[in-house]
Amino acid sequence: MKNLSRSVHRIWRLCIRNTERHYSRFSFRNRFPDVVACKKEPSFGRILWGYFNAPGNVMFVTTNVLTLTGMVAYSTIVSSRRDSIVDDRFLPLHKRANVENTVYKGYKMLPQVEEEPVPTELQENVDEKESITLSSEEISRIEKSTMKEIEKDRNSDEKVHLPYNVYNDDIYFEKTGKSCSIDSQLVKMSLFNLLYAYHLYLEVLQNNKNVSKKDKKWKKGTSKKDNLWKQEVENLQKDINKETKKNKNANYFYKLWKKEFTDSFKELSKSQQFHFPRWTSYPDDLQKICEELYSNDMETLRDFEKFYNTAGVSSNVRHLLKLWLFDYPHLICNNNSPNSIKKNELFYRNLIEDSFGNTELFLKYSSIVTDPFNTKNLLFFPLFLTSKGRKVVVPSISLDTLLSVLKGFTILKEKKGVECHDEIVTLISMLKTNCVLDNNKQNGESENSKVRVLLLPEDNDGQKRKMVKKLEQTPENEKRCFQLVSHNSNLVELLKTISKW
Amino acid sequence: MSEKAVIKKVFAHMKKGNIIGTRPVAENVIKIDSKATYSGDSQILKYRSYNSALTKNNFLEILPESTFIPPDRVKLINSIGKNFDLAKMRDHRYFHFKDNYLLLFKDQKSLRYYYENTKASRINKAKVRFEVVNKDMDAVSNSYRRYVNNLLAAYNSGGLYGAAIKCETLHFGSKMDGMNLLDLQSLIKPVEAKSALVWNLPDKQSSDEVMDRFWFYDIKHCFKLYFDPDLKYKTLYYMAFNNEAECERFKRNFHGAYITENDIGSKVLIERLT
């Protein structure tokens, strides 16, 4: 046993020496190894003390402690400052928000006081409930009384000031005129202006004698108001010499009118505000025009046609209307219902036949057919339908329409001597290349009406062929089509007269 | 005289607005200094309408002579335009439109001219009916004065507005002394241009939170004028801006916008006071 204990002690000593040598080369024990050696069992505390006692370690520990305290101090200072800032800035805000939401009690609004927020009854009640415990009876009493107050407020609504108008069955609306689309309003405005100006101009041009004759007619009405028109005319006649030419050229008038007034009709707000003036003092024909224009919807080409037929009593007015329609077709919508398709084309034919005598107007309207790039053709002519009912974006005209245009050119040449070779050639070549048989036509109709002439652009032959192919025309159809065209007696007659030139 | 000259003469005559039937009286053209059916010493016309968006231009356009003048040039050409101004009758407490316009004329001559020449005119297809403010002149004037006072107070601060609606005497009374309605209108015009009423902002927000929310706009200050305790989101705010352009921008960007908070939302409606 003794031997065992000795060996253990030795090992322990060696261990200590080794560690001391290893960890603290300059330690006290290292310098005086005998002192240590003489102590047989060094305690753990002593070892620790020894460790701290070393000069290097003392420095290390003290610096650590100092840094730690520094950091803690710094962080506390910073956080306390931030807290104080938050308190300063947001706490009053929060308080104010509470005050605002309670001060304004809806329609029982109280004025806000800027500096000192007024504690409301509600807040006081809440505080009381928190601080003093109220009996349930008291609570119910308070609730009842507040409910009563609210009810009172509701019942006395009339006296309460509200931020919106309250109407009790007394909403009053002025009677308004007819409402219609912007386009139709524009049509009405410009047509009224055109025809009013034209009538006034005609009257001004009249001789004084003529005026006095008409005057008698007006005096039958015997009212001052009826003479307004007469006064106006006389006013304008003051500086006009009697020798003024009475040309009454509607074409010239229209040109000047367009130049003068086109800009005025661009404003949508103006057209929106437009309304007819009182036309009771106007001459009879102008009155009729106004009445018709007022009652007409002026939406589709059919409406315009109706107006054209009823209002266009004199040829000059019809002329003006034709000129107008040629310039403003975009304002009138093309109604593509099956009933109106045919009538639209008929109307075009009427217009063309009406203008046979007038070179300028006829050239304008015939250009709709002869110039395939003229987009106005979409107003009058329907798009071609294939056998499957698919629409092809190519307008087509009937053979009769083409013939009446051709007839117009022959009349121009024969009566007025206007050369229009190019147009005639285009029309005949259209007959050759653009004829298509329309299989959608009903059986009851004559076969001649089945022939449609396409208004195809003449840009590229390849494209044209593709387009015709799309229409699914079989060779048989083509043959039949040419047969029908060649047997048309009107066409044969026209070609005969042309060949004689 | 050539044909062209005659046509031009007719056109020029028409362009001045001389189309028979547009003016109601026998003499086709009434001159400013001519005698008219209206007599009295009032210089104010009242026009009733539910439409709060009418401008001075709308009232100038109905004169027959401006029929062919583009709307943007009506102001420049019409001589009568210099002689009157338009004021909207607004509530003195919440500043909402009270369905009436006031046409404030500088003199009776121009009022007479305007009154007679617009008898057959229409605004939005409805015949205009002007009422000459004669008997209830004091009531109209007092209510307008009060509105001007309160709006000036509101533009200054919420606190001042609170005080202004509470007491009977006018805070800015000394400033408005001796002013007629036309002067008052010109006094309040710049303030109206910089003010807006905003409906339906979330009701639990404070004014500062609202300002923080719309920090992008140059808001001077804002405060709650009203809220409905039964309907959430039914609030009315008054907003004062530092300049007119900001006010317009704010209205353009947020009028009709849908604002949600805590899964409840509503459309913000903005009305400028101009």
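Each value, and the rule that gives it
Residues numbered from 1 in each chain as written. Chains lettered and ligands numbered in written order. Predicted model: local features only at pLDDT ≥ 70, side-chain atom pairs only at ≥ 80, totals over all residues. Heavy atoms only, no water. Axes fitted to C-alpha atoms, helices over the stretch in contact; angles between N-to-C directions. Helix = DSSP H or I, 4+ residues; strand = E, 2+ residues; numbered from the N terminus. Parallel < 35°, antiparallel > 145°, perpendicular 65-115°, else oblique. Left-handed = near helix turned anticlockwise from the far one by under 90°. Contact = heavy atoms within 4.5 Å. Nonpolar A, V, L, I, M, F, W, Y, C, P; charged D, E, K, R; others polar. Salt bridge = Lys/Arg side-chain N within 4 Å of Asp/Glu carboxyl O. Domains from an automatic or database assignment. Buried area = accessible area lost by both parts, 1.4 Å probe. Buried < 20%, exposed > 50% of the residue type's maximum accessible area, 1.4 Å probe, protein only. Patch = residues over 30% accessible without salt bridge, like charges linked within 9 Å, V, L, I, M, F, W, Y side chains within 5 Å. Areas by Shrake-Rupley, 256 points an atom, 1.4 Å probe, with all protein chains shown as cover. Lys, Arg positive; Asp, Glu negative; His and termini not counted. Charge placed at Lys NZ, Arg CZ, Asp CG, Glu CD. Pairing = 2+ DSSP bridges.

**Observations concerning the packing of helix α15 (residues 315-327) of chain A against helix α16 (residues 338-354) of chain A**
Residues and elements named next belong to chain A.
And step 1. Contact pair α15 / α16: the axes reach a minimum separation of 11 Å and the direction vectors enclose 125°. The orientation of α15 with respect to α16, classified from their angle, is oblique. Between α15 and α16 the crossing geometry is left-handed. Residues Arg318, Lys322 and Leu325 of α15 lie in contact with α16, whose contacting residues are Phe347, Leu351 and Asp354.
And step 2. Of the residues in the contact of α15 with α16, the class split is 3 nonpolar, no polar and 3 charged.

**Some details on the interface of chain A and chain B**
And step 1. At the interface, 70 residues of chain A touch 67 residues of chain B.
And step 2. When the shortest N-O distance is used, the salt bridge between Lys15 of chain B and Glu260 of chain A registers 3.8 Å.
And step 3. Those elements that place two or more of their residues in the side of chain A that touches chain B are α5 (55-103), β1 (104-105), α8 (182-205), α10 (228-237), α11 (250-261) and α12 (268-273) of chain A.
And step 4. In terms of residue count, the dominant contributor to the side of chain A that touches chain B is α8 of chain A (9 residues).

**What to know about the packing of α11 of chain A against α15 of chain A**
All names here are of chain A.
And step 1. Contact geometry for α11 and α15: axes closest at 10 Å, N-to-C directions at 45°. Regarding the angle of α11 to α15, the classification is oblique. Seen along the crossing, α11 lies across α15 with a hand that is right-handed. Side by side, α11 and α15 meet where Ala250, Asn251, Phe253, Tyr254, Trp257 and Lys258 of the first sit next to Asn316, His319, Leu320, Leu323, Trp324 and Asp327 of the second.

**Considering the domain arrangement of chain A**
All names here are of chain A.
And step 1. Domain assignment breaks chain A into domain 1 (178-207 + 225-333) and domain 2 (337-441 + 448-500).
And step 2. At the interface, 16 residues of domain 1 touch 17 residues of domain 2.
And step 3. Counting each side, the surface lost to burial between domain 1 and domain 2 is near 1700 Å², with a carbon and sulfur contribution of 67%.
And step 4. Taken as a group, Leu301, Lys322 and Phe326 account for 41% of the area that domain 1 buries against domain 2, more than any other trio of residues on that side.
And step 5. For the side of domain 1 that touches domain 2, the secondary structure elements donating two or more residues are α11, α14 (301-311) and α15.

**Observations concerning the pattern of salt bridges**
And step 1. Enumeration according to the criterion identifies 14 salt bridges over all chains in this entry.
And step 2. In this structure, the salt-bridge partner of Asp354 of chain A is Lys322 of chain A, at a minimum N-O distance of 4.0 Å. Of this pair, Asp354 of chain A sits in helix α16 while Lys322 of chain A sits in helix α15, and the two are 32 residues apart along the sequence.
And step 3. Overall, the relative accessible area of 40% leaves Asp354 of chain A in the partly exposed class.
And step 4. For Asp85 of chain B, the salt bridge goes to Lys189 of chain B, with nearest N and O atoms at 3.7 Å. Here Asp85 of chain B is found in strand β2 (residues 84-90), whereas its partner Lys189 of chain B is found in helix α8 (residues 181-193), with 104 residues between them in sequence.
And step 5. Connected through shared salt-bridge partners, Arg318, Lys322 and Asp354 of chain A make up one network.

**Re a positive patch on the surface**
And step 1. Taken together, Lys175 and Arg278 of chain A together with Lys127 and Arg129 of chain B make up a surface patch of like positive charges.
And step 2. Mapped onto the fold, Arg278 of chain A is located in the loop between α12 and α13 (284-295).

**Focus: the sheet that holds strand β1 (residues 44-48) of chain B**
All names here are of chain B.
And step 1. Pairing in this open sheet of 4 strands is antiparallel, and the strands run β2-β3-β1-β6 from one edge to the other. Of all strands in the sheet, those bounded by a partner on one side alone are β2 and β6 (130-132). Each adjacent strand pair in this sheet contributes to an overall mean axis angle of 30°, direction not counted.
And step 2. As paired strands, β1 and strand β3 (residues 97-105) are joined by 5 bridges and run antiparallel to one another. Looking at the pairing, Tyr47 lines up with Tyr101 of β3.
And step 3. Across the face of the sheet, helix α5 (residues 137-156) comes into contact with β1, β2 and β3 while running at roughly 80° to β2.
And step 4. Contacting β1, β2 and β3, α8 crosses the sheet at an angle of about 75° to β2.

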